[in-house]
Amino acid sequence: MSIGIFSYIGTSYVKAAKNTFYFTKHAPFLLKPFALAFALFYSVILLIISLFFYALIILDWLGNLTDTLRKGLLNAIDRQSRKINNGILSFILSPIIIVLLSPLFLLSVFIPKVSSTPVEDFAVNEISDIFSGAGAFKRINKIIWGAARRLFRYVGNTNLILMPILAIIAILYSIVLIAVGSIFAILIPLDWISYLIESIRQRIVSFTNNQQQKIRYSGSSFLIAPVLLAVLAPLFLLLLIIPKFTTQLDVEV
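Okay, so let's go over this structure. Predicted, not measured: the structure shown is a model, and the values here were computed from it.

**Here's the deal with the overall build of the protein**
Part 1 of the reasoning: When its secondary structure is counted, the protein shows 8 helices and 0 strands.
Part 2 of the reasoning: Ordered by position in the sequence, the α and β elements of the protein form the string α-α-α-α-α-α-α-α.
Part 3 of the reasoning: Here the protein, with 253 residues, has 45% of them falling under the buried criterion.
Part 4 of the reasoning: Expressed as a percentage of contacts within the protein between residues at least 6 apart in sequence, the contacts between residues at least 24 apart total 85%.

Next comes the structure, spelled out in structure tokens:
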């Protein structure tokens, strides 16, 4: 199970507490007593804050379970879509399975997700990524439309005797699939909102990690970074508990 965002940030605060003593160890001899006093005070505050984040690790676990459920359903729908051309049995059954699984996937996506997996290279500066189609609703919409296209592709490759019957089945199935896909298409703006929320979360991850590292190497960072981390902690908590009702999924369609 991947590390969650609350666990990651809690660890960043613990590292920040440790790094105050690292700086003290390497501070000039005359400044060591003052640095040690600051380090003791900062470390107590930072460790207390880390406990608040660690207390929310259960949200990380729930977030991982939610993503596992979503990806499992999406992969199942994707597999059924790709199986349509495998034979007449798949041609008949796979669209039915897709339609049956789609409401379950929709319900899973609307389970509030109040955690994320920290990503060091998250592309928060590329505004085009918001519309890249990486969200769950965009992905499922593409999968379902792909299934509708495969129905007619199978009809076009079948023998002439079966073609009229299979063409009628393909038309009926495609109408239902397009209707289901349209529901997900309407919800695509939620993918964009999800990306913005995810961008905020990943920026917090990056900020806390950078600040805890800076404490080791600079006197100004030693004095200022722990204060920033402590003062901003309540804001971080408020932003992190904004729920996502969709997710970014790495599934080829």
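**Focus on a nonpolar patch on the surface**
Part 1 of the reasoning: A surface patch of nonpolar side chains, amounting to about 800 Å² of accessible area, comprises I88, L89, I92, L93, I96, I97, L100, I161 and L162.
Part 2 of the reasoning: As for its placement among the helices and strands, L89 is situated in helix α4 (residues 88-109).
Part 3 of the reasoning: Judged by its relative accessible area of 61%, L89 is exposed.

**Remarks on the packing of aromatic side chains**
Part 1 of the reasoning: Across all of its chains, the model carries 9 aromatic pairs by this definition.
Part 2 of the reasoning: Plain terms: the ring middles of F105 and F184 are 6.1 Å apart, the flat faces sit at 55° to each other, and that makes the pair tilted. Of the two residues, F105 sits in helix α4 while F184 sits in helix α6 (residues 163-186), which places them 79 residues apart along the sequence. Taken as a pair, F105 and F184 share a single burial class, namely buried.
Part 3 of the reasoning: Taken together, the ring pairs in this structure connect F23, F38, F41, Y42 and F222 into an aromatic cluster.
Part 4 of the reasoning: Of note, R216 hangs over the ring of Y22, and the distance from its end group to the ring centre comes to 3.7 Å.

**Concerning the environment of R70**
Part 1 of the reasoning: Looking at the secondary structure, you find R70 in helix α3 (residues 57-83).
Part 2 of the reasoning: Taking the relative accessible area as the measure of exposure, R70 reaches 0% and is therefore buried.
Part 3 of the reasoning: Separated by 40 residues in sequence, R70 and F110 have C-alpha atoms that sit 10.0 Å apart.
Part 4 of the reasoning: At a separation of 3.1 Å, a polar atom in the side chain of R70 contacts the main-chain carbonyl oxygen of S108.

**Description of helix α8 (residues 219-240)**
Part 1 of the reasoning: Its 22 residues give α8 an end-to-end C-alpha distance of 30 Å, which sits within 8% of 32 Å, the value for a rise of 1.5 Å per residue.
Part 2 of the reasoning: At A233, α8 shows its largest bend, some 45°, and a proline, P234, comes one to four positions later.
Part 3 of the reasoning: Those residues of α8 hidden inside the fold are in contact with α1 (5-25), α2 (32-54) and α7 (188-214).

**Some details on the packing of α1 against α3**
Part 1 of the reasoning: Relative orientation of the contacting elements α1 and α3 amounts to 145°, with a least axis distance of 7 Å. Residues I5, F6 and S7 of α1 form the contact with α3, whose own contacting residues are I57, L59 and D60.
Part 2 of the reasoning: A class-by-class count of the residues in the contact of α1 with α3 yields 4 nonpolar, 1 polar and 1 charged.

**Details of the side chain of R201**
Part 1 of the reasoning: In this fold, R201 is placed in helix α7.
Part 2 of the reasoning: Of the side chains with opposite charge, E198 comes closest to the buried, unpaired R201, at an N-O distance of 4.2 Å.
Part 3 of the reasoning: A polar atom in the side chain of R201 sits 2.7 Å from the backbone oxygen of I242.
Part 4 of the reasoning: Among all residues touching R201, those that are not within four sequence positions of it are I5, K113, V114, S115, S116, L240, I242, P243 and K244.

**Observations regarding the environment of S81**
Part 1 of the reasoning: Checked against the element boundaries, S81 lands in helix α3.
Part 2 of the reasoning: By relative accessible area, S81 is classed as buried at 1%.
Part 3 of the reasoning: The sequence separation of S81 and A147 amounts to 66 residues, and the corresponding C-alpha distance is 4.8 Å.
Part 4 of the reasoning: Side-chain polar atoms of S81 contact the backbone nitrogen of A147, separated by 3.4 Å.

Reading guide: rules and limits
Residues numbered from 1 in each chain as written. Predicted model: local features only at pLDDT ≥ 70, side-chain atom pairs only at ≥ 80, totals over all residues. Heavy atoms only, no water. Helix = DSSP H or I, 4+ residues; strand = E, 2+ residues; numbered from the N terminus. Buried < 20%, exposed > 50% of the residue type's maximum accessible area, 1.4 Å probe, protein only. Contact = heavy atoms within 4.5 Å. Patch = residues over 30% accessible without salt bridge, like charges linked within 9 Å, V, L, I, M, F, W, Y side chains within 5 Å. Areas by Shrake-Rupley, 256 points an atom, 1.4 Å probe, with all protein chains shown as cover. Salt bridge = Lys/Arg side-chain N within 4 Å of Asp/Glu carboxyl O. Phe/Tyr/Trp six-rings, centres within 6.5 Å; stacked < 30°, edge-to-face > 60°. Lys NZ or Arg CZ within 6 Å of the ring centre and 35° of its normal. Polar contact = N/O pair within 3.5 Å; in protein donor to acceptor, adjacent residues only side chain to side chain. Expected span 1.5 Å × (residues − 1). Bend = angle between axes of the 7 residues up to and from the residue. Axes fitted to C-alpha atoms, helices over the stretch in contact; angles between N-to-C directions. Nonpolar A, V, L, I, M, F, W, Y, C, P; charged D, E, K, R; others polar. Lys, Arg positive; Asp, Glu negative; His and termini not counted.

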